[in-house]
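# Geometric and topological summary
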Amino acid sequence: MNSIKLFVFIIVIQFFNHAAALNVLAIVTLPLKSHYMAFDRFFRELASRGHSVTVMNNYLEKDPPPNMTFIDLSRDRYPHIRMPPMSAYEGSNSHYMRLINIYYHFLARPQHVGQDCEHLVTSKEVVDFLAKKQKFDVIIVEQFMSDCGAAFAAALYDAPIIGITSHTLLPWSYSRLGIPFDFSSDAFYFSTGGQNPSLYHKIEAYLTNIWAQHVLQPEIFKTINSIFKRHIPTFRGDVEKAIMEKMMMMFVYQHFSVTGARLLPPQVVEIGGIHINKAKQIPKDIDTFLSSAPHGAIYVSFGSNLNASTLSTKKMQAFLDAFKKIPQKVLWKIESPNIASENVYTRHWFPQRDVLCHEKVLAFISHGGMLSLSEAAHCGKPLLTIPFFGDQFSNSATIEQSGLGKILYFDEVNADSLTDAIQYLTSKKMQENARNIQSLWNDRPVDVLDSAIYWTEYVARHRSAPPSLPSKQSTWFERSLLDVYSVLISIVIIVIMMILGLLSILKALIKSCFNRYIKNKID
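Residues numbered from 1 in each chain as written. Predicted model: local features only at pLDDT ≥ 70, side-chain atom pairs only at ≥ 80, totals over all residues. Heavy atoms only, no water.

## Observations regarding the confidence of the model for the protein
Chain-level pLDDT for the protein is 87 on average; 93% of the residues reach the 70-or-more range. In the model, residues 5-19 has pLDDT below 50 throughout and makes 0 contacts with residues more than four positions away in sequence or in other chains. (pLDDT = per-residue confidence, 0-100. Contact = heavy atoms within 4.5 Å.)

In structure tokens form, the structure reads like this:
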């Protein structure tokens, strides 16, 4: 009898669990692995907690949870984004590299958006998937340079949308969320000015933002509307308006302890560090090498998109010469590990989070990617950033301003500058700074993964979100207070005109009285 009751109880529990489970669609169209790595743990955890998760992306998972399926966008698409060899960046002035970075993101963006969008709506995998006519409770869409994923979700599904980023907010996201952007103090995504930027950086950010908002964005949506008109004729609306109406929240990969204080409405949630897994034991070969490092070790990695083995012989030698001058040993992620040095241990891959959190590792030489930044903050290790592209320039400025590290531009890299920078990172001051930031980064009222899942379920339950800032419903004319200024100026002009009119009348009366007085005097 007891066994029957237990069986019934389990069936009831399973029923309610199934009833509460959500059907979630995640769309990550950009073929950059580092972007998907920021979200992978979040999507897997949603599935592990009983939700059905369908992911459209270019990188299929190994051994996903049973209720996690993939729509492969990598088949028959234009090639994945490939970065040039690191030697190609040599000889370029760092300021020139940064301006080229802005140029690439802005002027090349419409073409990339067109390719991305065309592939998304015509891919056989996607067409077959759409034929199933599945319904979703909530849709999570990456927000980067292309809005095609968001437009796809808004046009084809009656479900609330959550935007998600692997970086800080992009310039055009602020107005979409009704967030005012203060060019005099806020850090701009494409700038090295950081917070409270110089006059030059303020002018640069202001002009860049005008171009993005009023030239680039209209061109992007013109491209998307054109593609939708050809391939999704049933949709007759405006994709930008549809996105604005259906995007309920934004999960942003940042945290104030490093990226600084920003004005955030309730529907924007900071998820910096969401990809970081629990600690695992490091491989034996790495542990053995670190155990033989009495003065500690430095970890070197330029991320998943830059290949350190493509450095020129001269630049490679600069790194090796610097490593000979320091007492610490070096772990170097390099794709062709053929370096013969007792002081340097190379691998094509390291478990980065676990290596950084090892007590023997003292500092991290990095490209300044957001995932590397967050892992360094999580483990309390100072960073030397050598930025190349993307958000690495603005991340590097953030790292330096927060006290977590230092910038060394690629054209400034030589054996002496590297040695000086490593000595600075291993100083008592920098080690204490990093530990203080680690405490702030990890001290949160709710675990970042639990927070993201809670708000995902919240949006699905209510098909809504916490209230946005009232300015989201305002026009730029109203947000700039031009309507107020217009009224005030009009009042001032009317008052001045009234005063001038009264003075004119008074003058005429005085003149008339004076003329009568003179006339009477003559008479």
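Don't stop here, the text continues.
## Comments concerning the sheet that holds strand β8 (residues 297-301)
Pairing is parallel in the open sheet, where 6 strands are placed in the order β10-β9-β8-β11-β12-β13. Bordering the open sheet on either side are β10 (344-347) and β13 (405-407), each of which pairs with just one other strand. In this sheet, adjacent strand axes meet at a mean angle of 15 degrees when their direction is disregarded. Pairing of strand β9 (residues 329-333) with β10 involves 4 bridges; the strand directions are parallel. Its bridge partner lying in β10, K333 is registered against R347. Contacts from helix α12 (residues 313-325) reach β8, β9, β10 and β11 (361-366) within the one sheet, and its direction differs from that of β9 by about 155 degrees. Sheet strands touched by helix α15 (residues 392-402): β12 (383-385) and β13. Its angle to β13, the strand with the most contacts, is close to 135 degrees. (Pairing = 2+ DSSP bridges. Helix = DSSP H or I, 4+ residues; strand = E, 2+ residues; numbered from the N terminus. Axes fitted to C-alpha atoms, helices over the stretch in contact; angles between N-to-C directions.)

## Comments concerning the domain arrangement of the protein
Accessible area lost upon the coming together of the parts is a frequently used measure of interface size. Parsing the protein into structural domains produces domain 1 (20-272 + 447-473), domain 2 (284-442) and domain 3 (481-516). For domain 1 versus domain 2, the distance between C-alpha centres works out to 29 Å. Taken together, the contact between domain 1 and domain 2 spans 33 residues of the former and 33 residues of the latter. Interface area, domain 1 with domain 2, both sides summed: about 2,900 Å², of which 66% is carbon and sulfur. When the buried area of domain 1 at its contact with domain 2 is split by residue, M86, E90 and V258 rank highest and sum to 25% of it. Linking domain 1 to domain 2 there are 0 salt bridges. The interface formed by domain 1 and domain 2 holds 8 residue pairs in polar contact (both at pLDDT 80 or more) in total. Of all the secondary structure elements, the ones that give two or more residues to the side of domain 1 that touches domain 2 are α2 (33-48), α3 (94-107) and α10 (256-259). Top element by residues in the side of domain 1 that touches domain 2 is α3. It accounts for 5 residues. Class assignment of the residues belonging to the side of domain 1 that touches domain 2 gives a composition of 12 nonpolar, 19 polar and 2 charged. (Domains from an automatic or database assignment. Buried area = accessible area lost by both parts, 1.4 Å probe. Salt bridge = Lys/Arg side-chain N within 4 Å of Asp/Glu carboxyl O. Polar contact = N/O pair within 3.5 Å; in protein donor to acceptor, adjacent residues only side chain to side chain. Nonpolar A, V, L, I, M, F, W, Y, C, P; charged D, E, K, R; others polar.)

## Quick look at unusual backbone geometry
Here the phi dihedral of D63 falls at roughly 50 degrees; this positive angle occurs in a residue that is not glycine. If you trace the backbone, D63 turns up in the loop between β2 (52-57) and β3 (68-72). Given a relative accessible area of 69%, D63 falls into the exposed group. Non-glycine residue R463 carries a positive phi angle of around 50 degrees. Relative to the helices and strands, R463 is located in the loop between α18 (448-462) and α19 (476-479). On the basis of relative accessible area, R463 is assigned to the partly exposed category, the value being 40%. (Buried < 20%, exposed > 50% of the residue type's maximum accessible area, 1.4 Å probe, protein only.)

## As for the state of the cysteines
Inspection of every chain in the model, using the stated rule, returns 2 disulfides. Two residues share a disulfide in this structure: C117 and C148, whose sulfurs sit 2.0 Å from each other. In this structure the cystine formed by C117 and C148 twists about its S-S bond by roughly 65 degrees; its chirality is therefore right-handed. In this pair, C117 is assigned in helix α4 (residues 109-122) and C148 in helix α6 (residues 148-156), connecting sequence segments 31 residues apart. Per residue, the accessibility class of C117 equals that of C148, and both read buried. Here C357 is linked by a disulfide to C379, with a sulfur-sulfur distance of 2.0 Å. Here the S-S torsion is close to -80 degrees, and the disulfide linking C357 with C379 is therefore left-handed. One end of the pair, C357, is in the loop between α13 (352-356) and β11; the other, C379, is in helix α14 (residues 370-379), and 22 residues separate them in sequence. (Disulfide = S-S within 2.5 Å.)

## Remarks on the environment of V269
Position of V269 relative to the elements: it lies in strand β7 (residues 268-270). In this structure the C-alpha to C-alpha distance between V269 and Q438, which are 169 residues apart in sequence, comes to 20 Å. Once residues lying within four places of it in the same chain are set aside, the contact partners of V269 are M249, M250, F251, V252, S451 and W455.

## Considering the side chain of S374
Relative to the helices and strands, S374 resides in helix α14. Side-chain polar atoms of S374 contact the side chain of Y253, separated by 3.2 Å. In this structure, S374 is in contact with Y253, G273, H275, I276 and W441, ignoring residues within four places of it in sequence.

## Describing the pattern of salt bridges
On inspection of all chains with the given rule, the structure shows 11 salt bridges. For E45, the salt bridge identified is with R49, shortest N-O distance 2.8 Å. Residue classification places R49 among the partly exposed positions, given a relative accessible area of 35%. For D416, the salt bridge identified is with K325, shortest N-O distance 2.8 Å. In this pair, D416 sits in helix α16 (residues 415-425) while K325 sits in helix α12, placing the two residues 91 residues apart along the sequence. Given the relative accessible area of 45%, K325 is considered partly exposed. Via salt bridges that share partners, E45, R49 and D450 belong to a single interconnected network.

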